[in-house]
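Fold and contact review
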Amino acid sequence: MKNSRKNREAFHEHSFWQSYSDMMAALLLIFVLMIAITLSIYKQKTTDLDQTRLELNSAKEDLEKYREEIALSNRELEESLNQLKEAYAYSEMTEAELAKAYSEIDSARAELAATKSELQDIVGIRTDIIGALQNTFSNSTMKVDPQTGSITFSSDVLFRYNSAKLTTESMDTLKEIIPLYLDVLLQDAYRPYIAEIIIEGHTDTDGGYQSNMELSYNRANAVANFCQDPKNGLSEEKIGQLRQLMTVNGRSYSDPVYTENPQEIDMAASRRVEIKFRLREDEMIEKIAGILAQ
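We now turn to the structure provided with this report. (Residues numbered from 1 in each chain as written. Predicted model: local features only at pLDDT ≥ 70, side-chain atom pairs only at ≥ 80, totals over all residues. Heavy atoms only, no water.)

With respect to the helices and strands, Gly 201 occurs in strand 2 (residues 194–202). The exposure class assigned to Gly 201 is buried, which follows from its relative accessible area of 1%. Residues Gly 201 and Val 223, spaced 22 residues apart in sequence, show a C-alpha to C-alpha distance of 9.4 Å. In contact with Gly 201, other than residues within four places in its own chain, are Ser 216, Ala 220, Asn 249, Gly 250, Arg 251, Ser 252 and Arg 272. (Helix = DSSP H or I, 4+ residues; strand = E, 2+ residues; numbered from the N terminus. Buried < 20%, exposed > 50% of the residue type's maximum accessible area, 1.4 Å probe, protein only. Contact = heavy atoms within 4.5 Å.)

The following block contains the structure:
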């Protein structure tokens, strides 16, 4: 009887410690899984942060370049002012003429400062627009070029061989992608900075240059016409805004895509239609040059 009681007590003690060890093993496994998930999230966040830093550094470099150009322009303006002062000291310039000259210089300075401020805004706007486009297409198969903000459609997807007529299948893809892309560019925060929205066709190197020029232009124009149809996703208001900014280009085979290794023309990738935008920074630089040339 005593032996039977001892056996039962030993059995219960063994079951308790076995359950306790199983529970601890399960907790340890959960802890390890939590650490693995945390490390995975941390790695992804670190990658995203590094990408953002690279884009920010690129924008900073552009801004520094423009600052240097504007600083040079300011020095040249100061030199012009000093020359004007020296000329006054050795001339018979009347007080009225000198006042007029100073007024013109002050006006040029004010205009240069305003243009400088606008140019600095544009440098930041490019980064903002590309970021907004990347967020918009974050869950899409369409990729936004991180440097230019352009998107690219394969001509093999949009058209049949040697044709500039959109296929029925491709229209569904365009209806999904194009309104998302253009809605970002045409929103109130960005539209004042957009100088041009460009739809550009490209071909491979098969065939003659002129025939490919016509084909590339007709394909780009087919996409442009698609964008302007209210049935395809854009409102009448947005279509009107797009028409004020849109340019359609055919590039034939002048800008092919190359493979990395070895360096060869990628014929399939070269057959494409790109949609991209140009900001008003070129106009701002020309305006500064015009002010300084006065």
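Turning next to the pattern of salt bridges. In this structure the tally under the stated criterion is nine salt bridges. Between Glu 196 and Arg 278 there is a salt bridge, with the nearest N and O atoms lying 3.0 Å from each other. One end of the pair, Glu 196, is in strand 2; the other, Arg 278, is in strand 4 (residues 272–279), with 82 residues separating them in the sequence. Glu 196 gets classed as buried once you look at its relative accessible area, which sits at 17%. Two residues, Arg 271 and Asp 204, come together in a salt bridge whose shortest N-O distance is 2.6 Å. Taken as a pair, Arg 271 in the loop between helix 7 (267–270) and strand 4 and Asp 204 in the loop between strand 2 and helix 5 (209–227) lie far apart in primary sequence, 67 residues in all. The class of Asp 204 is buried, set by a relative accessible area of 8%. (Salt bridge = Lys/Arg side-chain N within 4 Å of Asp/Glu carboxyl O.)

As a further point, take the side chain of Gln 228. Here Gln 228 lies in the loop between helix 5 and helix 6 (236–245). A distance of 3.2 Å separates a polar side-chain atom of Gln 228 from the backbone oxygen of Ala 224. Leaving out residues up to four positions away in the same chain, Gln 228 has contacts with Ile 239, Arg 243 and Met 246. (Polar contact = N/O pair within 3.5 Å; in protein donor to acceptor, adjacent residues only side chain to side chain.)

Once that is clear, we can look at unusual backbone geometry. Note the cis peptide between Asn 261 and Pro 262, where omega equals 0 degrees. Phi is positive for Asn 162, close to 60 degrees, though the residue is something other than glycine. Phi angles above zero are rare outside glycine, and Ser 252 is one such case at about 50 degrees. Inspection of the secondary structure puts Ser 252 in the loop between strand 3 (246–250) and helix 7. The exposure class of Ser 252 is buried, given its relative accessible area of 0%.

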